[in-house]
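Summary of structural features
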Protein chains: 2
Amino acid sequence: MSTYSPRLNRLIEALRRLPGVGPKSAQRMAFHLLERERDGARQLALAIGEALEGIGRCPSCRMFCEDEACRYCTPERSAGGHLCVVEGPADLVAIEHGTAYRGRYFVLMGRLSPLDGIGPDELGLPRLAALLDEGWVREVIIATNPTVEGEATAYYLAEMAKARGIKVSRIAHGVPMGGELEYVDAGTLAHALSGRTAV
Amino acid sequence: MSTYSPRLNRLIEALRRLPGVGPKSAQRMAFHLLERERDGARQLALAIGEALEGIGRCPSCRMFCEDEACRYCTPERSAGGHLCVVEGPADLVAIEHGTAYRGRYFVLMGRLSPLDGIGPDELGLPRLAALLDEGWVREVIIATNPTVEGEATAYYLAEMAKARGIKVSRIAHGVPMGGELEYVDAGTLAHALSGRTAV
Ligand SMILES: [Zn+2]
Ligand SMILES: [Zn+2]
């Protein structure tokens, strides 16, 4: 006899696919939902369904987007001439939340990793090239993570911008080496952004 | 402007209602689901819906139950005459998974806590009394937690069984197997000492 009944088992297995959730936490979550949060569980199922249905990607910056017009791709943001390139949505949120930067973004949704089959196309770099060719970008601010792959990606991005005569900068290494941008405190992040250096 | 768009915000808020999930983890989970696990997200929403719809409580033992016949309330399990009383479903799973015990259970779904309005009725004790009156129970094994409220509950349960002339036992509390004496809290240690057994 398996430990759980079929539906309970499916619920626990589904919860385990959430990042950072092991078997013990998944069981705790399932019991909690069934015991004390049936209303919250209903809302979670509903919120997931609505998110899957209504949240797509902005064709311009590749950030999650659920409206006609992307909140990050406005004329006001373009006016400054800054385009900040980040690896993922959490990095964008960290910069937006923790710094005064209000320019445009480009979200790679990953980093160059040839061994995993992640090349320029997977990161939407043709789309980035088209963006740079629009003519309004005066400076590309590279905010990839200071990891080996993040640095390789930064190098590639810098070459793309330089080939178009666009100034390139890299956020300063106040971000600890090997650290993940999304877990850095706001002060460090703001410092790293203002202390960016020309590449 | 709020940090997240409306649907994303609702998803993150719903995930935060899971136990042990703070704002950072909720954001990470939401982005993970949208970025890399859309299929897993769909399955999670489905599993939650199915669980809410199909998982109820066994009227006899109060454990989660989704079938006509409860897997824990079988004639084979009753035959031994043991009834183990636990506070919650996770306790039942821990005993079932970690020990050779294959008797009957009664799940309180809480513990006596008058200040929180949790009395005998909320714990289904009238139902437990009826169970004890069925006549097959020869021993009630009390496995509530060794907290103040758990002990008060244990006392109450013991009185119920004794009033019916049924043998009562309490699972042993002490230094965990493989545990280091010096790292065990004082309360546990005192309990282990006073509860010492002849060798
Ligand atoms: Zn956009
Ligand atoms: Zn049952």
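These lines cover the structure that appears in this document, whether it is placed above or below. (Residues numbered from 1 in each chain as written. Chains lettered and ligands numbered in written order. Predicted model: local features only at pLDDT ≥ 70, side-chain atom pairs only at ≥ 80, totals over all residues. Heavy atoms only, no water.)

**Observations concerning the interface of chain A and chain B**
The condition that has to hold: The contact criterion used is simple: two residues touch if any of their non-hydrogen atoms lie within 4.5 Å. Defined here as a combined quantity, buried area equals the accessible surface (1.4 Å probe) lost by two parts on assembly, summed across both. Here, a salt bridge means any Lys or Arg side-chain nitrogen found within 4 Å of an Asp or Glu carboxyl oxygen.
Between chain A and chain B, the contact holds 56 residues from the first and 55 residues from the second. Of the roughly 5,500 Å² buried where chain A meets chain B, counting both sides, 63% is carbon and sulfur surface. Three residues, Arg7, Arg17 and Leu52 of chain A, lead the burial of chain A against chain B; their summed loss comes to 13% of the area buried on that side. The interface formed by chain A and chain B holds six salt bridges in total.

**Points about the coordination of the zinc ion (ligand 1)**
Reference values for coordination geometry: four tetrahedral donors around a metal ideally subtend 109.5 degrees, six octahedral donors ideally subtend 90 or 180 degrees. Residues and elements named next belong to chain A. For clarity, the cut-off: Each metal site is built from N, O and S donor atoms within 2.8 Å (3.2 Å for Na, K and Ca), and since water is not included, such sites may look incomplete. In this text, helices come from DSSP runs of H or I with a minimum length of four residues, and strands from runs of E with a minimum of two, each type numbered from the N-terminal end. Partly exposed describes any residue whose relative accessible area lies between the buried limit of under 20% and the exposed limit of over 50%, with all areas from a 1.4 Å probe on protein chains only and scaled to the type maximum.
On the protein side, the zinc ion (ligand 1) has Cys58 (SG), Cys61 (SG), Cys70 (SG) and Cys73 (SG) as donor atoms, found 2.3 Å from it. Along the chain, the residues donating to the zinc ion (ligand 1) are arranged with the sequence spacing C-x2-C-x8-C-x2-C. With Cys58 in the loop between strand S1 (56-57) and strand S2 (64-65) and Cys70 in the loop between S2 and helix H4 (75-79), this residue pair connects regions lying 12 residues apart in the sequence. Here Cys58 matches Cys70 in class, with each residue buried.

**Topic: the packing of helix H1 (residues 6-16) of chain A against helix H3 (residues 38-54) of chain B**
The packing of two helices is summarised by the inter-axis angle and the distance between the axes. Using the following cut-off: Between the N-to-C directions of two axes lies an angle of 0 to 180 degrees, each axis being a line fitted to C-alpha atoms and, for a helix, fitted only over the stretch in contact. Geometric relationships in this document are graded by angle, where less than 35 degrees denotes roughly parallel, more than 145 denotes roughly antiparallel, 65 to 115 denotes roughly perpendicular, and other angles denote oblique. If you view the pair so one helix is near and one far, a crossing is left-handed when the near helix is turned anticlockwise from the far one by less than a right angle, and right-handed when it is turned clockwise. Asp, Glu, Lys and Arg are counted as charged, while Ala, Val, Leu, Ile, Met, Phe, Trp, Tyr, Cys and Pro are counted as nonpolar; the rest, among them Gly, fall into the polar class.
The contact between H1 of chain A and H3 of chain B brings their axes to 9 Å, and the two run at 150°. The orientation of H1 of chain A relative to H3 of chain B falls into the category roughly antiparallel. Along this stretch, H1 of chain A crosses H3 of chain B, giving a crossing that reads as left-handed. For the pair H1 of chain A and H3 of chain B, the contacting residues are Arg7, Arg10, Leu11, Ala14 and Leu15 of chain A in the first and Gln43, Leu44, Ala47, Ile48, Glu50, Ala51 and Gly54 of chain B in the second. Here the residues of the contact of H1 of chain A with H3 of chain B are counted per class, giving seven nonpolar, two polar and three charged.

**Overview of the coordination of the zinc ion (ligand 2)**
All names here are of chain B. In plain terms, the rule: Four donors are marked tetrahedral only if all angles between them lie between 85 and 135 degrees, whereas four are marked square planar and six octahedral if opposite donors are more than 155 degrees apart and the other angles lie between 65 and 115; the remainder are marked irregular.
In the first shell of the zinc ion (ligand 2), the protein supplies Cys58 (SG), Cys61 (SG), Cys70 (SG) and Cys73 (SG), at 2.3 Å from the metal. Geometry at the zinc ion (ligand 2) is tetrahedral, judged from the four donor atoms that bind it and their angles of 106 to 113° at the metal. One chain supplies every donor for the zinc ion (ligand 2), spaced along it as C-x2-C-x8-C-x2-C. The exposure class of Cys70 is buried, given its relative accessible area of 11%.

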